Amino acid sequence: MQRHSSDGHEPVIRFRTAGLVLLAVHLLFVAWVTLRPLDVPWVSAANLHPLAGIRADLALGWQEGGKRLGEGLVLLAPLGVLLPLAGGRVAVSRWGSLVRTVAAGALISLGIELLQTGVPGQVVDIDSLLLNTVGVALAHLLVVPLLRARLRRGAKAAPLPQQEPAQGPTPTIPRVGVAP
């Protein structure tokens, strides 16, 4: 008879499943926002000079510049939490997790920028790649260590599974002689 018991991994599995679902939903939203064609009369040239777009945004004033920079930071920031959550690892190096998450966020942002080259009305901007990556890193640093600590505390506090009672001594087979 096989027993199915809680061994402290159920919360991690639930968080991982929720992370995968939320990650898929967020990536679909990001794809819809960034990869839909825009009907505009003209398109600015691609920005391939780092920080040039950020300087131009700040030249518009603090309110407008802050709004544009905030949009760049927030677009992929949820990936900083959702990627580790979907990974499902609770006991992992903080720096290793940060590096993996930021690298994955940068690659996703780069993929979006490369896909935008074929979408009418969308323009490649190196600064959005930088802002998206910084947003992922900030979200990861602010949320993931606290969430993992909470999960670790919850896993330790889970009750230990009860063992089945012994069913008696292990049966033995008498030795049989080997034929010549």
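Each remark here, short or long, concerns the structure printed above.
This text gives an overview of the structure that appears in the document. (Residues numbered from 1 in each chain as written. Predicted model: local features only at pLDDT ≥ 70, side-chain atom pairs only at ≥ 80, totals over all residues. Heavy atoms only, no water.)

**Some remarks on the nonpolar core**
Where we set the bar: We call a set of buried Ala, Val, Leu, Ile, Met, Phe, Trp, Tyr and Cys residues a nonpolar core when their side-chain atoms join them within 4.5 Å. The buried label applies to any residue whose accessible area, calculated with a 1.4 Å probe on protein chains only, is under 20% of its type's maximum; exposed applies above 50%, and partly exposed to all values in between. Only runs of H or I of at least four residues qualify as helices and only runs of E of at least two qualify as strands under DSSP, and these elements are numbered from the N terminus. In this analysis, two residues are considered to be in contact whenever any of their non-hydrogen atoms come within 4.5 Å of each other.
Among the nonpolar cores identified, the biggest contains nine residues, and these are Leu-23, Val-30, Leu-76, Leu-79, Leu-82, Leu-85, Ala-86, Ile-112 and Val-136. Contributions of two or more residues to this core are made by α1 (10-35) and α4 (79-87). Here this core gets four residues from one element, more than from any other, and that element is α4. Sequence-distant contacts of Leu-76, that is, excluding residues within four places in its chain, are made with His-26, Val-30, Gly-105, Ile-108, Ser-109, Ile-112, Asn-132 and Val-136.

**Regarding the packing of α4 against helix α5 (residues 94-115)**
Describing two packed helices takes the angle between their axes plus the distance from one axis to the other. This is how the line gets drawn: Note on geometry: axes are lines fitted to C-alpha atoms, helical ones only across the stretch in contact, with angles between N-to-C directions running from 0 to 180 degrees. Two helices that cross are described as forming a left-handed crossing if the nearer one is turned anticlockwise from the farther one by less than a right angle, and a right-handed crossing if clockwise. Put simply, Ala, Val, Leu, Ile, Met, Phe, Trp, Tyr, Cys and Pro go in the nonpolar bin, Asp, Glu, Lys and Arg in the charged bin, and everything else, Gly too, in the polar bin.
Close contact between α4 and α5 brings their axes to 9 Å; oriented N to C, the two are set at 115°. When you trace α4 past α5, the crossing you get is right-handed. Contacts between α4 and α5 involve Leu-79, Gly-80, Leu-83 and Pro-84 from the first element and Ser-97, Thr-101, Ala-104, Gly-105 and Ile-108 from the second. Here the contact of α4 with α5 is built from residues that sort into five nonpolar, four polar and no charged.

**A word on helix α3 (residues 62-75)**
For clarity, the cut-off: The length a helix should cover is 1.5 Å for every residue beyond the first. The directions considered for the arc are those from the helix axis to the C-beta atoms.
The terminal C-alpha atoms of α3, which comprises 14 residues, lie 20 Å apart, in line with the 20 Å expected from a rise of 1.5 Å per residue. Those residues of α3 that fall on the buried side of the exposure criterion are Gly-65, Leu-69 and Gly-72. Projected onto a plane normal to the axis of α3, the buried residues spread over an arc of 55° and lie on a single side. Along α3, exposed side chains directed more than 90 degrees from the buried face belong to Gln-63 and Val-74.

**Things to note about the side chain of Asp-127**
Definition in use: For the charge count, each Lys or Arg is scored as positive and each Asp or Glu as negative, with His and the chain ends excluded. By salt bridge we mean one thing: a side-chain nitrogen of Lys or Arg within 4 Å of a carboxyl oxygen of Asp or Glu. As used in this structure description, the phrase polar contact means that two N or O atoms lie within 3.5 Å; if the pair is within protein, one of them must be able to donate a hydrogen and the other to accept it, and residues adjacent in sequence are counted only when both atoms belong to side chains.
One can find Asp-127 in helix α6 (residues 126-157). For the buried Asp-127, no salt bridge exists, and the shortest N-O distance to an oppositely charged side chain is 7.4 Å, to Arg-55. Reaching out from Asp-127, the side chain makes a polar contact with the backbone nitrogen of Ile-54 at a distance of 3.1 Å.

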